[in-house]
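# What the coordinates show
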Amino acid sequence: MSAVPAPVDRLPTFPWDKLEPYKKTAAAHPDGLVDLSVGTPVDPVPELVQKALTDAADSPGYPTVWGTPELRDALVSWCGRRLGARGLAHTNVLPVVGSKELVAWLPTQLGLGPGDTVAYPRLAYPTYEVGARLARAGHVAYDDPTDLDPAGLKLLWLNSPSNPTGRVLAKDELTRIVAWARDHGILVFSDECYLELGWEADPVSVLHPDVNGGSYEGLVTVHSLSKRSNLAGYRAAFLAGDAAVLGDLLQIRKHGGMMTSAPTQAAVVAALGDEDHVHEQRARYAARRGLLREALTAHGFRIEHSEASLYLWATRDESCWETVAHLAELGILVAPGDFYGEAGERFVRVALTATDERVKAAVARLS
């Protein structure tokens, strides 16, 4: 009797495992490793968020998948203030256990499978493809989604600002894509996790009425507190948009027990209610970005896009692995561009997520 194929058999090699030899080289530098690869926050969790978490620590009962009314109020209010969304209700929001979990399992939760197609940008977060593979659905990468064959296309991922390139889709571009998707009955999920980190552009959400015409039909956005509030360790994210889509996902996630912990829910309420810590963190990243961009350019790199997000999309017009090896010899670890698609094979992604001291060390080594 043959064994049932494990889901892992449908997945590509975990990309970060390929970086381990270069990490060892970089870590051997006399002044230690400067890790600019993964993009994990290193700055403190805001004190008011820590206090909210600890104040809610005595939470012996099960939390709800939909979250507390206070959490839903906070999500609706933030979407109105920050995204310009109008007329949102509790049925238009849904907390999730970090955005990566949602991306990986969304096609499965939507009931997609063989014969269905998931589309995502040519250069993209690898988990979009992973989600399609886990559901046994087809997948296709695009430069312009409106050039795709809409037949069988059930889920269209947008990502603005982009991971890895930092590219921002203009309002008129988003409006055109949303209209095309609606004409063909294609569900749009817009990954907007870096929306609050615009540097040379002001990212716009598909929930803005100028984009969607005042209707959320067929549109859902993904937002995360990992980067804006340094809450990657809390696994705090949420969805906002089409109430019918979120209602179905809520029922499915109830069956799956996909609950954000009660202390985390309280922490999210505090984080979304405060803008001061967001401005402080933006200032930290802006300073690091300026230093790294200048140092990389002086070292012979060309920076493309990078008008938003937490990364610099950089090239020396050579294989990304040659660049990774070169920087590893300087004790600097970056992500090879081909992690995000073949179109990135001559680029590297340089994260801004290192301490001020480590960023200054990288700048010194590049000079």
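Report on the accompanying structure.

Cut-offs applied
Residues numbered from 1 in each chain as written. Predicted model: local features only at pLDDT ≥ 70, side-chain atom pairs only at ≥ 80, totals over all residues. Heavy atoms only, no water. Axes fitted to C-alpha atoms, helices over the stretch in contact; angles between N-to-C directions. Helix = DSSP H or I, 4+ residues; strand = E, 2+ residues; numbered from the N terminus. Parallel < 35°, antiparallel > 145°, perpendicular 65-115°, else oblique. Left-handed = near helix turned anticlockwise from the far one by under 90°. Contact = heavy atoms within 4.5 Å. Nonpolar A, V, L, I, M, F, W, Y, C, P; charged D, E, K, R; others polar. Core = buried A, V, L, I, M, F, W, Y, C linked by side-chain atoms within 4.5 Å. Buried < 20%, exposed > 50% of the residue type's maximum accessible area, 1.4 Å probe, protein only. Pairing = 2+ DSSP bridges. Salt bridge = Lys/Arg side-chain N within 4 Å of Asp/Glu carboxyl O. Polar contact = N/O pair within 3.5 Å; in protein donor to acceptor, adjacent residues only side chain to side chain.

## Concerning the packing of helix α3 (residues 69-83) against helix α9 (residues 262-272)
- It is at 9 Å that the axes of α3 and α9 come closest, and there the two elements cross at 30 degrees. In terms of orientation, α3 and α9 fall into the roughly parallel class. Two packed elements cross with a definite hand, and for α3 against α9 that hand is left-handed. Along the contact surface, α3 presents E70, L71, A74, L75, W78 and R81, while α9 presents Q265, V268, V269 and L272.
- Of the residues in the contact of α3 with α9, the class split is seven nonpolar, one polar and two charged.

## Examining the nonpolar core
- The biggest cluster of nonpolar side chains holds 66 residues, and the ones touching the most others in it are L36, W157, F189 and L239.
- When residues no more than four places from it in sequence are discounted, the contact partners of W157 are L102, V103, L106, V118, A119, Y120, P121, Y128, Y142, F189, D191 and V222.
- Counting residues in each nonpolar core, the second largest holds 25 residues, with W78, V93, Y234 and V268 among its members.

## Some details on the environment of G80
- Tracing the backbone shows G80 in helix α3.
- Relative accessible area serves as the criterion here: at 22%, G80 is assigned to the partly exposed category.
- Taking the C-alpha atoms as reference, G80 lies 9.3 Å from L207; in sequence the two are 127 residues apart.

## Overview of the packing of helix α4 (residues 99-109) against helix α5 (residues 127-134)
- Axis separation between α4 and α5 bottoms out at 6 Å; the angle between their running directions is 35 degrees. In this structure, α4 meets α5 at a crossing whose hand is right-handed. Listed contacts from α5 to K100, V103, A104, W105, P107 and T108 of α4 are T127, Y128, G131, A132 and L134.
- Here the residues of the contact of α4 with α5 sort into seven nonpolar, three polar and one charged.

## Observations regarding the side chain of S190
- For S190, the position within the fold is in strand β6 (residues 187-191).
- Take S190: its relative accessible area is 2%, and that puts it in the buried class.
- When near neighbours in sequence (up to four residues on either side) are disregarded, S190 contacts L158, V206, V220, T221 and V222.

## Looking at unusual backbone geometry
- Of note, the bond from S160 into P161 is cis; its omega dihedral lies within 30 degrees of zero at 0 degrees.
- Topologically, P161 is positioned in the loop between β5 (153-159) and α6 (171-183).
- Phi is positive for R235, close to 55 degrees, though the residue is something other than glycine.
- Relative to the helices and strands, R235 is located in the loop between β7 (219-224) and β8 (237-241).
- Here R235 falls in the partly exposed class, since its relative accessible area comes to 31%.
- For S306, which is not a glycine, the phi torsion comes out positive at approximately 65 degrees.
- Turning to its location among the elements, S306 is positioned in the loop between β9 (302-304) and β10 (311-315).
- Using a relative accessible area of 0% as the deciding quantity, one classes S306 as buried.

## Details of the pairing of strand β13 (residues 348-351)
- The two faces of β13 match: V348 and V350 on one face and R349 and A351 on the other face are all buried.
- Where β10 and β13 come together, four bridges link them in antiparallel fashion. Bridged to W313 within β13 is R349.
- Bridge analysis of strand β12 (residues 335-336) against β13 gives two bridges, and the strand direction is antiparallel. Residue pairing across strands places P336 opposite V348, the latter belonging to β13.

## Digging into the pattern of salt bridges
- Per the stated rule, a full pass over the model turns up 22 salt bridges.
- Among the salt bridges present, the one from E129 reaches R133, with a minimum N-O distance of 2.7 Å. Here R133 and E129 lie together in helix α5, a separation of four residues that amounts to about one turn.
- On the basis of relative accessible area, R133 is assigned to the partly exposed category, the value being 27%.
- E173 serves as the salt-bridge partner of R167, at 3.0 Å between the closest nitrogen and oxygen.
- One network of salt bridges, with partners in common, ties together R81, R82, E196, R228 and E275.

## Thoughts on the side chain of R365
- Tracing the backbone through its elements, the reader meets R365 in helix α12 (residues 356-366).
- Residue classification places R365 among the buried positions, given a relative accessible area of 12%.
- A polar contact of 2.9 Å, which involves the side chain of R365, links it to the backbone oxygen of G32.

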